[in-house]
Each structure stands twice: as structure tokens, then as C-alpha cells.
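# Observations on the three-dimensional arrangement
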Amino acid sequence: MNIIANYPLLKLNTFGVDVKAKYFVSINTVNELIELTKTKVFKDLQLLILGGGSNILFTKDFDGLVILNNIKGKEIIDQTQESIFLKIGAGENWHELVMYTVDNGWGGIENLSLIPGNTGTAPMQNIGAYGVEIKETFVELEALEISSGKIVKFNNSDCEFGYRESVFKNKMKNQYIILNITLELKKNPVLNINYGDVKAILESQNINNPSIKEVSNTIISIRQSKLPDPKIIGNSGSFFKNPIVSLNQLEFIKKKYPNVVNYKINENEFKIAAGWMIERAGWKGKKFNNYGVHEKQALVLVNYGLANGMEIFNLSEEIILDIKDKFGIKLEREVNII
Ligand code: EPU
């Protein structure tokens with residue numbers, strides 16, 4: 001274990017923001033982490049646990065200890081006739097995990113192909129795409145409780161999953177370090193191909209009964225066509241959440257914007273496509289110096305060069321104000337601001 005002072009974080013955040021951590025350490029095993037908990041820097045400083053760095057915007061240097069969670073490992077811990085129970089180290093890359101499950105013919109997370117980031121951070125915001133969320137396959141996780149140094153388990157309901165939400169973003173924020181997660185994958189899965197774009201692409205290829213691999217490939221091609229590759233253009237995926245409004249609010253917006261894109265959640269809750277509102281408000285593709293709003297997906301803010309995080313944050317503030325002004329809705333950020 002090597003604690004390094006004044007460490008550059010440029011390569012550790014997908015937004016590509018050039019900031020430094022006062023101290024940095026990379027943890028490869030649970031034992032290393034337990035050793036770390038006994039050190040002075042761990043006890044005295046503010047902590048930031050980094051996974052893939054794909055859902056974070058640094059607006060300044062981090063005046064504390066950044067811990068890169070690099071705990072690896074994949075293990076089948078149980079199986080039945082229908083299911084495989086796979087335990088995965090928090091530091092495993094999410095997309096590589098998805099590819100591993102797809103190649104083995106185990107279904108459940110194929111719609112979550114190509115999501116950046118690591119496995120341990122996936123439950124924190126209940127990652128979701130194309131009609132599937134991780135909570136549907138999630139069984140449990142093990143985490144280190146920072147205050148006591150004990151390892152505790154959280155099952156599915158303990159995590160209090162919601163739309164891009166979990167207990168780890170709310171009342172238990174900054175209290176645990178996730179060590180591993182267990183997923184239940186299906187040997188004969190029912191594939192979810194109802195999302196508009198997915199259905200359309202499969203139909204255009206005359207694929208009626210797709211395999212897990214075909215669904216995964218379809219998702220990958222949709223994502224590649226709309227979302228910027230963080231290795232080329234800095235970004236954190238969707239910067240904002242899609243807001244959820246009541247039927248009354250929706251009716252009110254529809255008076256002015258009859259075509260507002262929305263999805264019914266239940267009788268009184270509707271999710272509005274924030275990307276549609278931001279595009280409609282004229283922000284899509286706007287470029288300011290080295291940063292801007294992505295030209296193919298208005299929900300994604302991008303760093304074209306060495307923009308600083310504060311500039312990107314200020315842009316998000318302007319967008320929030322403008323959407324509030326035009327649609328009466330206050331957008332919430334999905335990305336963690338540091
Ligand atoms: N739309 C526009 N203009 C835009 C973007 C979107 O009009 O610039 C409208 C289109 O009508 C489109 C609809 O919004 O049909 C929905 O767009 P899209 O399918 O791209 O999905 P999204 O609602 O913008 C969400 C997730 C994505 C996820 C996709 C697919 C959130 C915050 N984002 O985006 O997740 O990949 O659905 O399921 O829920 C992420 O979290 O980082 C992320 C990329």
C-alpha cells in the first residue's frame with residue numbers, strides 16, 4: 001500500500017478534469033483496505049472513494065484522501081437450474097463484467113452493456129438503461145463500514161433502490177466502502193427488448209428472437225451512436241436525471257408543449273425526457289471554449305479539451321435555471337459534484 005501526496009486525478013475521472021488529490025491510494029484487496037483504516041490519513045482526512053470515475057465532476061482539487069477501489073475478482077458462489085449467483089469485486093470494470101456474462105449466456109445485465117464505471121459503484125446509483133436497472137438482478141453486497149471497520153451485508157431491500165438512487169447516495173452517504181456485489185443471472189432469461197430504439201434496430205435487422213449477444217450488440221450500437229466515448233470526449237453520461245412530475249404538472253406543460261416526450265410510471269407519475277427539454281430550450285450542441293452540450297444527446301455535458309470543472313458546473317447551473325424558466329421544472333444533477 002502506497003499513499004502518494006499531491007496525486008493527479010486527470011486519468012481517473014471520465015470528464016477529464018485536471019485536478020489533484022492531497023493524498024491518493026489504490027487498494028487491491030480487502031486486507032489492504034483494513035490496513036488503510038488504521039492509518040492516520042484515513043482517520044483524519046476527508047475521504048473520497050473512486051471507482052471508474054465516471055459519475056463525478058471535480059470542480060476543485062480534493063483536499064483529502066482519494067481511495068481508488070481496485071478490488072477484483074469474479075466467483076460463482078451458487079447455482080440452481082435457472083440461476084447463476086455471481087460475486088464480483090467492486091473494482092471490476094462494469095462493461096467487461098457484462099461481456100463476461102453475455103459470453104457465458106447468462107442473462108440479466110445485457111441491456112446495461114457499455115455503461116462506463118466499475119461494478120462496486122453500479123448499485124450506488126442503481127445504474128439503468130434501455131428498460132433495465134441493476135436492482136433487478138442485484139442480490140446483495142458487502143461493504144466496509146468506515147466508522148467501525150466492520151464488514152456488513154446489504155440485501156436488495158436494504159439498498160432502497162430508486163431511479164438512479166440508493167441508500168448510499170442518501171442517508172448512508174460516505175459511510176461505506178463497497179467491497180463486492182452479488183448478482184443473480186438467468187440461464188434462460190426473458191430478454192427485455194421493449195425500449196423503442198432497441199425494438200426498432202432489431203426489427204430493421206429482421207431479428208425476432210434475439211440472443212443475449214444480439215441484444216447486447218444492439219445496445220452497444222445505440223450507445224455508440226448517441227453517447228460520446230469518454231476516452232475521446234470527456235463526459236459523465238447523463239448529467240441530469242429525467243424529472244418525475246405529477247399528472248397535473250404534465251397537463252400544465254402540455255398546454256405550451258403538446259409534444260413533450262414523457263413516459264408513464266403510474267397513474268399520477270410521469271417521467272419527462274430532460275434531453276428533450278434541454279434540446280427544445282436551444283442548448284443541444286452548444287459549445288463554449290472547451291466544453292458544451294453534446295450534439296447528439298442534450299442530457300450529456302462534454303469536455304472537449306482541458307475545461308475546468310467549475311466551467312462545466314456553471315453551464316449546468318445555467319441550464320437548470322433556463323429549464324425552470326421555460327418549463328417550470330427544476331432539473332436535478334445525476335453526477336456527483338466535488
Ligand atoms: N431526446 C431529445 N433530445 C435529446 C435527447 C433525448 O429529444 O437531445 C428525447 C428523444 O425523444 C428520446 C428521449 O428523449 O426518444 C429519450 O432519449 P434517450 O433514449 O437517449 O434516453 P434518455 O432518457 O435521454 C436515459 C438514461 C440514460 C440511458 C437511456 C437509455 C437518465 C438520466 N438517462 O436517457 O442513461 O442510457 O435513458 O435507457 O435516466 C446515464 O445515466 O448516464 C445514461 C446515459
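The preceding data block contains the structure.
All values derive from a computational prediction rather than experimental measurement. (Residues numbered from 1 in each chain as written. Predicted model: local features only at pLDDT ≥ 70, side-chain atom pairs only at ≥ 80, totals over all residues. Heavy atoms only, no water.)

Broken down by element type, the protein chain carries 8 helices and 20 strands. Here the C-alpha radius of gyration of the protein chain, 20 Å, is about what a compact globule of 338 residues would show, namely 20 Å. When the backbone C-alpha atoms are referred to their principal axes, the protein chain occupies close to 60 × 50 × 35 Å. When the 338 residues of the protein chain are sorted by exposure, 47% land in the buried category. A sequence separation of at least 24 residues applies to 59% of the contacts in the protein chain between residues at least 6 apart. Accessible surface computed for the protein chain: about 16400 Å², of which carbon and sulfur atoms make up 47%. Looking at charge distribution, the protein chain has the averaged site of its 39 positive side-chain charges lying 4 Å from that of its 38 negative ones. (Helix = DSSP H or I, 4+ residues; strand = E, 2+ residues; numbered from the N terminus. Rg over C-alpha atoms; globule rule 2.2 N^0.38 Å. Buried < 20%, exposed > 50% of the residue type's maximum accessible area, 1.4 Å probe, protein only. Contact = heavy atoms within 4.5 Å. Areas by Shrake-Rupley, 256 points an atom, 1.4 Å probe, with all protein chains shown as cover. Lys, Arg positive; Asp, Glu negative; His and termini not counted. Charge placed at Lys NZ, Arg CZ, Asp CG, Glu CD.)

Quick look at the nonpolar core now. Ile-278, Ile-319 and Leu-331 are the most contacted members of the largest nonpolar core, which has 46 residues in total. It is helix α8 (residues 309-327) that contributes the most residues to this core, 7 residues altogether. Here Leu-331 is in contact with Phe-240, Lys-241, Pro-243, Ala-274, Met-277, Ile-278, Ile-319, Ile-320 and Ile-323, once residues within four sequence places are set aside. (Core = buried A, V, L, I, M, F, W, Y, C linked by side-chain atoms within 4.5 Å.)

Near the ligand you find 24 residues, and of these Tyr-130, Tyr-163, Arg-164, Tyr-195 and Glu-279 are the closest. Contacts to the ligand include Tyr-195, whose side-chain N or O atom sits 2.7 Å from an oxygen atom. Measuring from an oxygen atom of the ligand, one finds a side-chain N or O atom of Asn-242 at 2.9 Å. Isolated, the ligand exposes 810 Å² of accessible area, and the fraction of that covered by the protein chains is 84%. Of all the elements in the fold, those that place two or more residues in the shell around the ligand are α5 (212-226), β13 (234-238) and α7 (274-280). Ranked by residues supplied to the shell around the ligand, first place goes to α7 with 3 residues. Considering only residue class, the shell around the ligand consists of 12 nonpolar, 5 polar and 7 charged. (Near = heavy atom within 4 Å. Polar contact = N/O pair within 3.5 Å; in protein donor to acceptor, adjacent residues only side chain to side chain. Nonpolar A, V, L, I, M, F, W, Y, C, P; charged D, E, K, R; others polar.)

A contiguous nonpolar patch, built from Tyr-195, Val-261 and Tyr-263 and spanning about 250 Å² of accessible area, is present on the exposed surface. Since its relative accessible area comes to 40%, Tyr-263 is described here as partly exposed. (Patch = residues over 30% accessible without salt bridge, like charges linked within 9 Å, V, L, I, M, F, W, Y side chains within 5 Å. Salt bridge = Lys/Arg side-chain N within 4 Å of Asp/Glu carboxyl O.)

As a further point, take the pairing of strand β19 (residues 300-303). Side-chain alternation along β19 places Val-300 and Val-302 on one buried face and Leu-301 and Asn-303 on a second face that is also buried. The pairing of β13 with β19 spans 3 bridges and is antiparallel. Considered in β19, the bridge of Asn-235 is made with Val-302. Linking strand β18 (residues 291-293) to β19, which pair antiparallel, is a turn of 6 residues. (Pairing = 2+ DSSP bridges.)

Before going further, it helps to examine the pairing of strand β11 (residues 151-155). As paired strands, strand β10 (residues 138-145) and β11 are joined by 5 bridges and run antiparallel to one another. Within the sheet, the bridge partner assigned to Glu-140 lies in β11 and is Asn-155. In this structure, the hairpin formed by β10 and β11 is closed by a connection of 5 residues, where Gly-149 is found at a positive phi of approximately 75 degrees.

In a regular helix each residue adds 1.5 Å, so 15 residues correspond to 21 Å; α5 covers 22 Å between its end C-alpha atoms and thus fits that length. Where the residues of α5 are buried, they touch α3 (94-103), β8 (128-129) and α4 (196-204). (Expected span 1.5 Å × (residues − 1).)

Assignment of secondary structure puts Glu-269 in strand β16 (residues 269-272). Owing to a relative accessible area of 35%, Glu-269 belongs among the partly exposed residues under this scheme. For the pair Glu-269 and Asn-248, spaced 21 residues apart in the sequence, the C-alpha separation amounts to 9.5 Å. Those residues in contact with Glu-269 that lie beyond four places of it in its chain are Ile-244, Val-245, Tyr-263 and Lys-264. Of the polar contacts made by the side chain of Glu-269, one reaches the side chain of Asn-266; its length is 2.9 Å.

It is worth spelling out the packing of α4 against α5 at this point. Running from N to C, α4 and α5 point in directions that differ by 115 degrees, and their axes come no closer than 10 Å. What the angle tells us is that α4 and α5 run roughly perpendicular. In this structure, α4 crosses over α5, and the sense of that crossing is right-handed. Residues Asp-197, Val-198, Ile-201 and Leu-202 of α4 touch α5, and the partners they reach there are Glu-214, Thr-218, Ile-219, Ser-221, Ile-222 and Lys-226. (Axes fitted to C-alpha atoms, helices over the stretch in contact; angles between N-to-C directions. Parallel < 35°, antiparallel > 145°, perpendicular 65-115°, else oblique. Left-handed = near helix turned anticlockwise from the far one by under 90°.)

Moving on: the sheet that holds strand β2 (residues 20-27). As summarised here, the arrangement of the 4 strands in space is β1-β2-β5-β3, forming an open sheet in which the pairing is mixed. Only two strands of the sheet have a single partner each, and these edge strands are β1 (4-8) and β3 (47-50). Put simply, the sheet's adjacent strands are angled 45 degrees from each other on average, direction ignored. Docked against the sheet, helix α1 (residues 30-37) engages β2 and β5 (62-69), running at close to 135 degrees with respect to β2.

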